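Results of the structural survey
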Amino acid sequence: MRILGKGQIDRNRPISFRFDGKTYQGYQGDTVASALLANDVRLMGRSFKYHRPRGVLTAGSEEPNALLEVIGATNQTPNVRATMQEVFEGLNTQSQNRFPSLAFDALGVNDVFSRFLSAGFYYKTFMWPRAFWEKLYEPMIRRAAGLGRLSGKHDEGHYEKAYAFCDLLVIGSGPAGLAAALTAARAGADVILAEEDRELGGRLLADEPELDGAPARDWVATVEAELRGLPNVRVMTRTTVTGAYDNGTFGALERVGLHTPARADLPRECFWRIVAKRAVLAAGALERPIAFPMNDRPGIMMAGAVRSYLNRWGVTAGKRVTVFANNDGARQTARQLMAAGVEVAAILDSREDASAIEDCPVYLGARVTDTSGRLGLRAISGSHVGGDFQIETDCLAMSGGWNPTVHLTCHLNGRPRWNADIAAFVPSEGAVPGLSVAGAANGDFTTHGCLAAGQAAAIAALAEIGVTAAAVPLPRAEGVPYAIQPLWLVEGKGRAWLDFANDVTTKDVKLSAQEGFTSVEHMKRYTTQGMAPDQGKSSNVAALAVLADATGRGIPETGTTTYRPPFTPVSIASMGAGGRAEGFAPQRFTTSDQASRDRHAPMIEAGLWYRPSYFPKPGEKTWRESCDREVNMVRSAVGVSDVSTLGKIDIQGKDAARFLDLVYTNTFSTLPVSRVRYGLMLREDGLVLDDGTTARLGENHYLMTTTTAAAGLVMRHLDFIHQTHCADWDLRLISVTESWAQFAVAGPKARALLNAVLDAPLGDFPFMACGETQVGGVKGRLFRISFSGEEGYEVAVPSRYGESLFRDLVAKAEAMGGGPYGMEALNVLRIEKGFITHAEIHGRTTAFDIGMEKMVSAKKDCIGKAMAARPGMVGEEREQLVGLKLSQETKAFGGAHLFTQGEAVGREASQGYVTSVCWSPMFGAMLAMGFLKNGRARHGEKIRIVDHLRDLDLIAEVCDPVFHDPKGEKLRA
Amino acid sequence: MPELIAKTALSDKKPATFAGTTLAEADPGPVASIALFPGQEKALAKALKPMVFPAPNSFTENGGVRLVWTGRDQAFLIGAEPPALDGIAAVTDQSGGWATLTVTGPVAAEALMRLVPLDLRPTFAVGQAARAPLGHMQSVIFRTAADGFTVMVFRSMARTAWHEIEVALRSLAARAALI
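Residues numbered from 1 in each chain as written. Chains lettered and ligands numbered in written order. Predicted model: local features only at pLDDT ≥ 70, side-chain atom pairs only at ≥ 80, totals over all residues.

Okay, the overall build of chain B next. Counting its regular elements, chain B contains three helices and 11 strands. When its helices and strands are written in sequence order, chain B yields β-β-β-α-β-β-β-β-β-α-β-β-β-α. Radius of gyration (C-alpha) of chain B: 17 Å, near the 16 Å computed for a compact globule of 179 residues. Counting only C-alpha atoms, chain B reaches 60 × 50 × 30 Å along its principal axes. When burial is assessed residue by residue, chain B has 49% of its 179 residues classed as buried. Taking as baseline every contact in chain B between residues at least 6 positions apart, the subset at least 24 positions apart corresponds to 61%. (Helix = DSSP H or I, 4+ residues; strand = E, 2+ residues; numbered from the N terminus. Rg over C-alpha atoms; globule rule 2.2 N^0.38 Å. Buried ≥ 20, exposed ≤ 12 C-beta atoms within 10 Å, placed from the backbone. Contact = placed C-beta atoms within 7 Å.)

Structure representation (structure tokens):
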């Protein structure tokens, strides 16, 4: 129900939104919770385990009960707290964990059987048979329990990530936070003020104390205006600081667009990483419930929340309110309600010595012993020094005291300290380096104390970073001390809830202690207390107080469980902002990309690169038809392929040759200028890292080529070797992968094609030669190398000319009966020729395994040489590279295992495996490469290939891996 | 004899403006890495005149030609062909290997601070340069004006860089429209 004249909502801007299919009206400034309460809707959810009807408990992010699904065009978000979701026109929400409806929930039957469903029930009941757990019990329990549902679709909403830096991060904008921010702002420091709510003010908004004799809201508005006007201050509302990390880094989640209808380009949320030289935590305190029998009915709320709804949103949570508390503060709830014209049935104060003077009945030494009302509170039973009583009431405002919001101070393993004066945990000093705590978060519950502490914290923090801040005039405020007498639970017949979100009662905690789970961490896991989306914000301290009592220890000895980030749930979508689908990694495109796409080549991802798979011609129906044609084209005419993706590293300096001798197994210092040599590189552990060709461009100038897959890896390896083994050498390395567009020209007509393109005809240019060349007046480089087994060249020009040269090469090749070829044909050509790729040098093979042990020079040392000589790295027992040949056409069987004919097929009997497979149009056979135990001695043997994934069982002939032109005559033609 | 046509990485992209801030591709002309050989500081200083080899995290400028620090004993000479530096420094052409983007306008720093984990507020002054990740890419970033940055990324990744910076600018424009 709305109260006229109360609240800060904009009554000129009515807003309609939907909850469970019904349209309700609220106002600009409302949350779903405040708007529903204004519409007299108290039932907002069902509990996790017993499916009990539940209403809103709090007015903040700690809300355990009122969790909703918000349904939008691009996403369906579960577990949204009704207290945090602001209403906007068209907002569509629905309740969770109920079937068929919120008012009648079939699984409410769990509640009837609740005494069988106590903590540990599942562990004890669903133990046998063991196999049933995963297949039957767990899915069944998960369906019965649980909260919101996911849509099963991608979240296509737009999210954002960002970095921010400041001198002082102020977390929270209540009196302490505002005083800290204002002090630091006037000192000229870079300040970020992060506030979880949509408005600054914290409890000043909810409690409406007077500052300087005027409403606190006026002071808040003045300070906010000043802060927002300063260039050195960034005010971030709707921003929850969710975690404290090393070196002054904080995570924060900003609700950027969750309070408005979706708009193009507007992020829903932004995940901030804020690096602050110093931080002041002024996050306030959270009020805690009292565990009395049947304390979970809709209408039973926190006293502070009742105050918030009244003062911030002009809503009374009931027509006849009762207050039950163990401290003075909750009296304000009764007084303010009465001042607003709401009937207060009674104040139940658990303290016998408290004041009885109020404008309503006050019961001292009082307890609530039972409640009634299935879908909403109707009445309570109580007792006090004078006897038992019953009160008709539709709202019970309870307060068991306040817990300072210590969470962030525990994120780096700090443990809070028990303060008996306020019966609460307070932060340990210095728990997070550079973070100080001020105000209610530090256990100071007076407005005056908060203002002064916030200012002092800012001055001290800034002094540490060399900024002198002066005290600013602070408004006069009350300084009434906080009086509390602990009351954790009320014994009685019914269940008394501690953790509303996970349905944990005092009985569950006692049972945990009784069964030996007496450590607070064990109790948490046994009962699931504190493990719901609210992470036990309302229940942790009360639960451990009950545990302390049950185990006969004090609260400080019992201790708390560990508070970990995040403080409130953070959507994975925000942390992975921009990373969905193609945003997952950078896309790399070659200069010939558009030319390939123009020819309808399907592009495949090779690492981050996109490369043409094949170039279909009209009439070709399958990739194999195109691939076979391209292979034959290279073998009989000429083919052009973009090989720019291979890594290229420019190596210069007087020690360049010496360096290459160190990193390669073979020798490069003896390579003549204008020649290319194939090289093999080992990791420090002796296994093969990469292979490729390196050209000597000048006396002290080399150009190394790496595989596409290992380009970055090799660059890193070389930098590492340079920096750790020979930092003083005259040597400089830089990647030039991106600087050159390089194209393979291969086939019997390769030379003719080049002569049609190059500015001067090619003279004597033998196999493994390299040199400068010129194309259309542009200086380029030419290498005579081949990855296809044919006469092959690679021509390179600066990248900006790449597309132009590719189009020209292809057009001229086509005129000669050739054309472009893609990755599929490239793969077939290299398998036919027996050339390895990272399918073979996959990180577990040695130079010996691939038949290149002779390339490890005996005359010099190299990286990995010693380790490659370890026992077990060479020998008959090693799986060695072999070719496999099969005359019938089959499905590809890469990854299949090899077995000796006539022997068992099983993991232990595996003789090796297949790494590369293709159909060779040239040989009319399936050709494969693989590794076989003692394989080089087994050429000619028939071996069994079993592919369990593709259900293949084949016989192939073991042979030399080089099928095509074993003598290399074509290369040298 | 063919005529080769030069193309920058993003030749099909027109400048895009959001929140008063413009993302555009620039053609900086020649780019060469100059990597000082050990002990050649004085010789290099002499050979580079009137250019000055930059201190770490900065760039120097002379008549529109820039020398931008890009690593230990390494800088990129942008906008002019390199002088002869045989034996003094390793000179490597990088011209086409990098795509050059400029981000100019009131929210340029804020947009880049969505992708780059550096404090790019005015403390990162005109004349400063950095090697820093831009999303998942490596980049060279330098401030050329109070409201202007130049960002260099690998040519092959230019489209991703453009997309990510554009999304950041669009988000900022949408945020501004919210108030």
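The rest of the description comes next.
A count of helices and strands for chain A gives 23 helices and 50 strands. Within chain A, buried positions represent 54% of all 973 residues. Sequence separation of at least 24 residues holds for 66% of the intrachain contacts in chain A that already meet a minimum separation of 6.

Turning to the domain arrangement of chain A, a few remarks are in order. Taken domain by domain, chain A holds domain 1 (160-285 + 404-464), domain 2 (588-645 + 739-830), domain 3 (648-735) and domain 4 (875-973). Computed from C-alpha coordinates alone, the two centres of domain 1 of chain A and domain 3 of chain A are separated by 54 Å. (Domains from an automatic or database assignment.)

What follows covers the sheet that holds strand β11 (residues 148-154) of chain B. Note on sheets: strands pair through backbone hydrogen bonds, and any given pair is parallel or antiparallel. All names here are of chain B. In spatial order, the strands read β1-β2-β8-β11-β10-β9; together these six strands make up an open sheet with antiparallel pairing. The sheet is open, and its two edges are formed by β1 (16-18) and β9 (129-134), each paired on a single side. Averaged over all pairs of adjacent strands, the angle between strand axes in this sheet comes to 25 degrees, irrespective of strand direction. Pairing geometry for strand β10 (residues 137-145) and β11, over six bridges, is antiparallel. The residue of β11 that forms the bridge with V140 is M152. Helix α3 (residues 158-178) rests against β1, β2 (21-26), β8 (98-104), β9, β10 and β11 of the sheet, and its axis sits at about 10 degrees to β8. (Pairing = 2+ DSSP bridges. Axes fitted to C-alpha atoms, helices over the stretch in contact; angles between N-to-C directions.)

For the rest of this paragraph, the subject is the confidence of the model for chain B. Overall, the predicted model of chain B reaches an average pLDDT of 96, with 99% of residues at or above 70. For this predicted complex, the interface confidence score (ipTM) comes to 0.97, while the overall pTM stands at 0.95. (pLDDT = per-residue confidence, 0-100.)

The interface is formed by 41 residues belonging to chain B together with 43 residues belonging to chain A. Listed by contribution, the elements that provide at least two residues to the side of chain B that touches chain A are β3 (31-36), β7 (89-93) and α3 of chain B. The residue makeup of the side of chain B that touches chain A, split by class, is 19 nonpolar, 11 polar and 11 charged. (Nonpolar A, V, L, I, M, F, W, Y, C, P; charged D, E, K, R; others polar.)

To continue, consider the sheet that holds strand β38 (residues 701-705) of chain A. Residues and elements named next belong to chain A. Ordered in space as β36-β37-β38-β35-β39, the five strands form an open sheet in which the pairing is antiparallel. Looking at the sheet topology across the chains shown, the edges are occupied by β36 (676-682) and β39 (732-735). The sheet shows a mean angle of 25 degrees between the axes of neighbouring strands, direction not considered. The pairing of β36 with strand β37 (residues 688-698) spans seven bridges and is antiparallel. Counterpart to Y678 in the pairing with β37 is T693.

All right, on to the environment of F37(B) then. Considering the arrangement of structural elements, one finds F37(B) in the loop between β3 and α1 (41-48). Residue F37(B) is classed as buried on the basis of its C-beta count, with 23 C-beta atoms lying within 10 Å. Spatially, the C-alpha atom of F37(B) lies 7.3 Å from that of G87(B), the residues being 50 residues apart in sequence. The residues touching F37(B), leaving out its near neighbours within four places in the chain, are G653(A), D730(A), R732(A), G87(B), I88(B), A89(B) and A90(B).

Once that is clear, we can look at the environment of Y363(A). All names here are of chain A. Along the polypeptide, Y363 turns up in strand β20 (residues 362-364). The exposure class assigned to Y363 is buried, which follows from the 21 C-beta atoms found within 10 Å. Residues within four places of Y363 in sequence aside, it is in contact with A346, L348, D349, G382 and H384.

Once that is clear, we can look at unusual backbone geometry. The omega torsion across P565(A) and P566(A) is -5 degrees, close enough to zero to call that bond cis. Counting through the fold element by element, P566(A) comes out in the loop between α14 (555-558) and α15 (572-575). The peptide bond linking K49(B) to P50(B) adopts the cis configuration, its omega dihedral lying at 10 degrees. Within the secondary structure layout, P50(B) lies in the loop between α1 and β4 (59-62). In this model, H51(A) sits at a positive phi of 55 degrees, which is unusual for a non-glycine residue. Judged by the 22 C-beta atoms lying within 10 Å of it, H51(A) falls in the buried class. Although it is not a glycine, M294(A) sits at a positive phi angle of roughly 55 degrees. In this fold, M294(A) is placed in the loop between β16 (285-287) and β17 (300-302). For M294(A), a count of 22 C-beta atoms within 10 Å gives the class buried.

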